[in-house]
Amino acid sequence: MGWLWPATDGGVPTFNCLGTRRVSIVVVAVAIAAALVSLAHPAAAAQAKPAHHTWHVGLHRALKTPSAAAAVAHDGDTVLIDAGTYQGDTAVWTQSNLTIRGVGGRAHLEATGQSAQGKAIWVIAGDHTTVGQIECSGAAVPDNNGAGIRQEGDDLTVTRSWFVHNQDGILTDAGPASDIVIRRCRFARNGAGDGYSHNLYVGAVRSLTVTGSFLGGADAGHELKSRAARNTIAGNRIDDGNATASYSIDLPNGGRSLIAGNVIVQGGNSENSALVSYGEEGLTNASHRLWVVNDTLVNRRSTGTFVQLAQGSRADLRNNLLVGPGAVTSLSGVPARADLRVGTKGFVRPAADDFRLRAHSPAIDRGVRVPPQWRARWEYVDPTDQVRRPPVGRVDVGAYERRR
């Protein structure tokens with residue numbers, strides 16, 4: 001039996017087969033048979049495509065606490081937590097593909113001396129977790145690494161959440177297939193004061209992305225520390241204030257990294273004179289490539305270095321505004337194009353850390369071209385947000401484009 005020429009049936013190509021049967025009839029018969037099997041065995045059909053459940057948590061609900069939801073949720077479920085304060089309630093989340101979100105405002109998780117597994121307010125052991133609209137405060141454990149969130153699975157996305165007065169805001173394990181995304185969050189006054197705990201501490205994961213967030217006031221530790229193989233830190237405000245923070249950004253193992261469109265302010269009490277440090281603990285990541293583009297870098301110490309680089313770094317600095325004293329980089333021969341050193345004039349309210357440009361600023365239209373993959377595309381907006389950087393004529397220098 002062989003195939004003959006194609007025919008059409010209502011505009012759909014079919015094929016005539018010797019023996020006069022059409023493939024389209026067979027397809028319809030198979031579909032009907034599948035439907036009959038589904039009707040005859042509804043339990044099997046449901047098992048093939050499980051339904052995901054939404055769990056509601058709140059003081060006036062059946063589930064009173066987030067930990068109660070952690071005990072009953074399954075992979076793929078959603079947990080909605082009513083706004084309010086949940087004191088001393090800690091949880092271990094083992095499910096994957098879980099969404100956990102505060103509703104009606106932030107759900108405040110206040111440690112009050114408690115921790116999950118001696119590690120954190122929340123230990124997230126599952127993969128592909130999304131967290132939003134929560135606040136973690138007061139996490140403290142004997143080893144000084146008490147975290148608001150301790151991420152042990154792969155992939156975590158956190159949005160519109162606050163981490164305040166913990167030993168670590170977020171602390172992640174290493175994971176070569178793990179991507180960490182932080183958007184529109186606030187990290188403030190975290191750190192145990194030992195220099196080893198930080199506002200945000202990301203282990204050796206595949207990638208870290210931080211956008212539209214505020215990180216400030218770390219206690220002796222770094223505002224942001226990441227060992228990720230790829231880092232994108234764009235459109236944030238990183239500000240020591242009066243704290244004793246060390247580096248504003250520490251990328252101790254290098255990595256393919258973009259630091260773009262940020263306002264970075266090193267305070268006068270900072271315990272380290274460099275704002276950005278790259279490769280200090282050894283360039284062990286595969287890429288040694290760093291771009292620092294259209295940032296406003298402010299040093300309020302009497303001395304310092306804006307970008308500290310390990311030997312072997314492949315760094316490129318373009319269109320950055322440098323405010324205050326200090327060397328641009330710690331290495332000679334690093335390309336630094338259109339980096340402009342200015343005083344505090346030309347900004348809207350520099351004393352209040354508002355470094356948007358005034359009409360007479362010398363930074364306007366002074367920028368140079370940057371390859372598309374390294375451009376600054378976001379601007380930070382108080383208190384924790386971001387907007388697209390507008391394409392207005394020739395690019396301005398610094399973290400903000402002057403609106404015409």
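The structure presented is a predicted model; accordingly, all values stated were derived computationally and were not measured. (Residues numbered from 1 in each chain as written. Predicted model: local features only at pLDDT ≥ 70, side-chain atom pairs only at ≥ 80, totals over all residues. Heavy atoms only, no water.)

Engineer: Provide a residue-level description of the overall build of the protein, including the pertinent values.
Structural biologist: When helices and strands are tallied, the protein shows three helices and 37 strands. Burial analysis of the protein (404 residues in total) assigns 52% to the buried set. Long-range contacts, defined here as pairs at least 24 residues apart, represent 63% of the contacts in the protein between residues at least 6 apart. By element, 53% of the accessible surface of the protein is carried by carbon and sulfur atoms, the whole surface being about 17,800 Å². (Helix = DSSP H or I, 4+ residues; strand = E, 2+ residues; numbered from the N terminus. Buried < 20%, exposed > 50% of the residue type's maximum accessible area, 1.4 Å probe, protein only. Contact = heavy atoms within 4.5 Å. Areas by Shrake-Rupley, 256 points an atom, 1.4 Å probe, with all protein chains shown as cover.)

Engineer: Please provide a residue-by-residue account of the sheet that holds strand S5 (residues 91–93), values included.
Structural biologist: One open sheet accounts for 10 strands, arranged S5-S7-S10-S13-S16-S19-S22-S25-S28-S31; its pairing is parallel. The strands lining the two open edges of the sheet, one partner per strand, are S5 and strand S31 (327–329). Across the sheet, the axes of successive neighbouring strands diverge by a mean angle of 15°, strand direction being ignored. With four bridges connecting them, strand S10 (residues 147–151) and strand S13 (residues 168–172) associate as parallel partners. Looking at the pairing, Arg150 lines up with Leu171 of S13. (Pairing = 2+ DSSP bridges. Axes fitted to C-alpha atoms, helices over the stretch in contact; angles between N-to-C directions.)

Engineer: Mind laying out the side chain of Asp179, listing which residues take part and the relevant values?
Structural biologist: Its place among the elements puts Asp179 in strand S14 (residues 175–183). Polar side-chain contacts of Asp179 include one of 2.6 Å to the side chain of Ser207. (Polar contact = N/O pair within 3.5 Å; in protein donor to acceptor, adjacent residues only side chain to side chain.)

Engineer: Explain the packing of aromatic side chains to me, and be specific about the residues and the numbers.
Structural biologist: Following the criterion strictly, the structure yields four aromatic pairs and no others. When the centroid spacing of 5.3 Å and the interplanar angle of 75° are considered together, the rings of Trp93 and Trp122 count as edge-to-face. Of this pair, Trp93 sits in strand S5 while Trp122 sits in strand S7 (residues 120–124); the two residues are 29 residues apart in sequence, bridging distant segments of the chain. Each member of the pair, Trp93 together with Trp122, is buried. Taking the centre distance of 5.5 Å and the plane angle of 10° together, the rings of Trp291 and Trp374 count as stacked. One end of the pair, Trp291, is in strand S26 (residues 289–293); the other, Trp374, is in the loop between strand S35 (354–357) and strand S36 (378–381), and 83 residues separate them in sequence. Take Trp374: its relative accessible area is 8%, and that puts it in the buried class. We note Arg186 situated over the ring of Trp162; from NZ or CZ to the ring centre the distance is 5.7 Å. (Phe/Tyr/Trp six-rings, centres within 6.5 Å; stacked < 30°, edge-to-face > 60°. Lys NZ or Arg CZ within 6 Å of the ring centre and 35° of its normal.)

Engineer: Kindly report on the pairing of strand S11 (residues 156–159), identifying the contributing residues and their values.
Structural biologist: On S11, burial covers both faces: Leu156 and Val158 on one face and Thr157 and Thr159 on the other are all buried. Note: strand S8 (residues 129–132) against S11, four bridges, orientation parallel. Paired with Thr130 across the strands is Thr157, a residue of S11. Across four bridges, S11 lies against S14 in parallel orientation.

Engineer: Describe in detail the nonpolar core, supporting the description with residues and values.
Structural biologist: Ranked by internal contacts, the top residues of the largest apolar core, which has 62 residues, are Trp93, Trp122 and Ile182. Not counting chain neighbours up to four residues away, the residues in contact with Ile182 comprise Val158, Ile170, Phe187, Leu200, Leu208, Thr209, Val210, Thr211 and Ser213. Of all hydrophobic cores here, the second largest spans 17 residues; its members include Val298, Val342, Phe347 and Leu357. (Core = buried A, V, L, I, M, F, W, Y, C linked by side-chain atoms within 4.5 Å.)

Engineer: Which residues make up unusual backbone geometry, and what are the values?
Structural biologist: A cis amide bond links Asp382 with the next residue in sequence, Pro383, at an omega value of 0°. Inspection of the secondary structure assignment puts Pro383 in the loop between S36 and strand S37 (385–388). At Ala220, a position not held by glycine, the phi torsion is positive, near 70°. Among the secondary structure elements, Ala220 is positioned in the loop between strand S18 (214–216) and strand S19 (224–226). Despite not being glycine, Ala338 shows a phi value in the positive range, around 60°. Position of Ala338 among the secondary structure elements: in the loop between strand S32 (336–337) and strand S33 (340–342). What makes Ala338 partly exposed here is its relative accessible area of 24%.

Engineer: An account of the environment of Val72 is requested, with residue identities and associated values reported.
Structural biologist: Note on placement: Val72 falls in helix H3 (residues 66–72). Owing to a relative accessible area of 31%, Val72 belongs among the partly exposed residues under this scheme. Residues Val72 and Trp55, 17 residues apart in the sequence, show an inter-C-alpha distance of 8.9 Å. Once you skip the residues sitting within four places of it in the chain, Val72 turns out to touch Trp55 and Leu63.

By themselves, these are just geometric observations and shouldn't be taken as functional.
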